[in-house]
Amino acid sequence: MTVHQNDAKFVIRNLQFEDIPELVSLPRTEGREMGQESEIRTWLNVDPFGIFVAEKVDDGEICGCCAGIALSDTHGYIGMYVVKENFRGFGLGRVLWNAAINRLGDRNASLSSATKMLKFYREKAGFSKTASWTVDLYTATAPSLPTNISLSRPLPFTIRVRPDGLFVQHVLDYDFSIHKYDRSVVVRETIGEEGTLTLMSVKPCIDKRLQATGYACMKKSLQGHWLIAPVYAEDHNSARSLVHGLMNALTVEQQNEGIVAKLVSSNFEAAKLFLQLGMKKTEYQLRRLFTKEVFDIPENKVFALQSSVFCTE
């Protein structure tokens, strides 16, 4: 699609893998706490036609983007919606938005909204259903890891999960128990992202098999911090083992680069856990909106969201 705005001409097209190094400058400049280039590759692999960019015809500059990723036949999200500041007011945002919305068709679409955009999304864009919880950002520049964890109750131990390892199926099964639909492509791609550490919490069963009680991932964010996303766990102890294991994998120098996580406001056990580890709640807050119905997730098992840019929960 070609768009003429003022004296400039733009092409609206699907993102290609070779565009990613240039594209990441847009969300980075906006301060988005999301993964780096490998995360965007994940979502292109999940839906090759789900990310749209506006390209300036005369010099090939990428001026804006918007994602409309089809997560399943019934689930989708709108995310990574940004136009470079010097190209705003040309109508590019509206065209990109429409392309992403059209991509999702009749799916129940979700997005995460800042307060200033709530009225628009709810009343004019069709995202009229609002989750009761908010997305809250917790950060730390000097996390306080305990030197010994209380063993008053047995803690599940953690296992590192590799993309081609034996434990991936356990993670896929646990993820399905949280979301109630097949996210195997999303999960496999996430685990396989360059620089991502994935841990699974497990407890032994009577028949000597291992039972997964949660999993968590950590990677470097666009802002240079360590992003813990997601943490899905059966209980506080499992989540504590996972988060402690991820943080403990970092050197002191890496910890000082900063750690961030996005929590569901209704999970008070999650807030308690991250506060105990020296993280603090910031003023950053988003509302999760939907077009048809609020996607029902077990909020007490979501200790950190996978993303608020790519709304997967």
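Up top is the structure.
Residues numbered from 1 in each chain as written. Predicted model: local features only at pLDDT ≥ 70, side-chain atom pairs only at ≥ 80, totals over all residues. Heavy atoms only, no water.

Description of the overall build of the protein
Along its length, the protein carries 10 helices and 14 strands. Here the C-alpha radius of gyration of the protein, 20 Å, is about what a compact globule of 313 residues would show, namely 20 Å. Seen through its principal axes, the protein has C-alpha atoms that stretch 70 × 40 × 40 Å. The buried share among the 313 residues of the protein stands at 52%. (Helix = DSSP H or I, 4+ residues; strand = E, 2+ residues; numbered from the N terminus. Rg over C-alpha atoms; globule rule 2.2 N^0.38 Å. Buried < 20%, exposed > 50% of the residue type's maximum accessible area, 1.4 Å probe, protein only.)

A closer look at empty space enclosed by the protein
Considering all chains together, one arrives at 2 cavities of 30 Å³ or more under this definition. Computed from the structure, the largest cavity encloses a volume of approximately 60 Å³. The wall of the largest cavity is formed by L71, H75, G76, N108, S110, Y181, F290, F295, C311, T312 and E313. Taken together, the elements giving at least two residues each to the lining of the largest cavity come down to β5 (75–83) and β6 (108–113). For the lining of the largest cavity, the per-class residue count stands at 5 nonpolar, 5 polar and 1 charged. Empty space within the second largest cavity amounts to approximately 50 Å³. Lining the second largest cavity we find E33, M34, L227, I228, A229, A261, K262, L305, Q306, S307 and S308. Ranked by the residues each element gives to the lining of the second largest cavity, the list is headed by strand β11 (residues 226–233), at 3 residues. Split by residue class, the lining of the second largest cavity holds 6 nonpolar, 3 polar and 2 charged. (1 Å grid on protein atoms, 1.4 Å probe; cavity = no way out; pocket = protein on both sides within 12 Å on 5 of 7 lines; lining within 4 Å. Points joined across faces, edges and corners; volume = space filled by probe spheres on them. Nonpolar A, V, L, I, M, F, W, Y, C, P; charged D, E, K, R; others polar.)

Overview of the nonpolar core
Within the largest apolar cluster, 51 residues are counted, with the highest numbers of intra-cluster contacts made by I40, W43, I51 and M80. Ranked by the residues each element gives to this core, the list is headed by helix α6 (residues 168–179), at 5 residues. Not counting residues up to four positions away in its chain, the partners in contact with W43 are I51, I69, L71, Y77, V186, Q306, F310 and T312. A140, W226, A239 and A271 belong to the second largest nonpolar core, which has 27 residues in total. (Core = buried A, V, L, I, M, F, W, Y, C linked by side-chain atoms within 4.5 Å. Contact = heavy atoms within 4.5 Å.)

Some thoughts on unusual backbone geometry
Backbone torsion omega between A229 and P230 reads 0 degrees, so that peptide bond is classified as cis. As for its position among the elements, P230 is in strand β11. Although it is not a glycine, M80 adopts a positive phi angle of roughly 45 degrees. A positive phi angle, close to 70 degrees, is found at K180, a residue other than glycine. Mapped onto the secondary structure, K180 falls in the loop between α6 and α7 (184–191).

As for α7
The complete set of buried residues in α7 reads V186, V187, T190 and I191. Taken end-on, α7 shows its buried residues confined to a sector of 125 degrees, consistent with a single buried face. Residues of α7 that are buried sit in contact with α3 (37–46), α6, β9 (197–204) and β10 (210–220). (Arc of directions from axis to C-beta.)

Re the packing of α6 against α7
Running from N to C, α6 and α7 cross one another at 130 degrees; their axes reach a closest spacing of 10 Å. In terms of their interaxial angle, α6 and α7 are classed as oblique. In this structure, α6 crosses over α7, and the sense of that crossing is right-handed. Each of V168, Q169, V171, L172 and D175 in α6 lies in contact with α7, whose residues at this interface are S184, V187, R188 and I191. By residue class, the composition of the contact of α6 with α7 is 5 nonpolar, 2 polar and 2 charged. (Axes fitted to C-alpha atoms, helices over the stretch in contact; angles between N-to-C directions. Parallel < 35°, antiparallel > 145°, perpendicular 65-115°, else oblique. Left-handed = near helix turned anticlockwise from the far one by under 90°.)

As for the side chain of K219
Position of K219 relative to the elements: it lies in strand β10. We classify K219 as buried; its relative accessible area is 6%. A distance of 2.7 Å separates polar atoms of two side chains, one belonging to K219 and the other to E39. Residues in contact with K219, not counting those within four places in the same chain, are G35, E39, E193, G195, T196, H225, W226 and L227. (Polar contact = N/O pair within 3.5 Å; in protein donor to acceptor, adjacent residues only side chain to side chain.)

In short, shape yes, function no, at least from these values alone.
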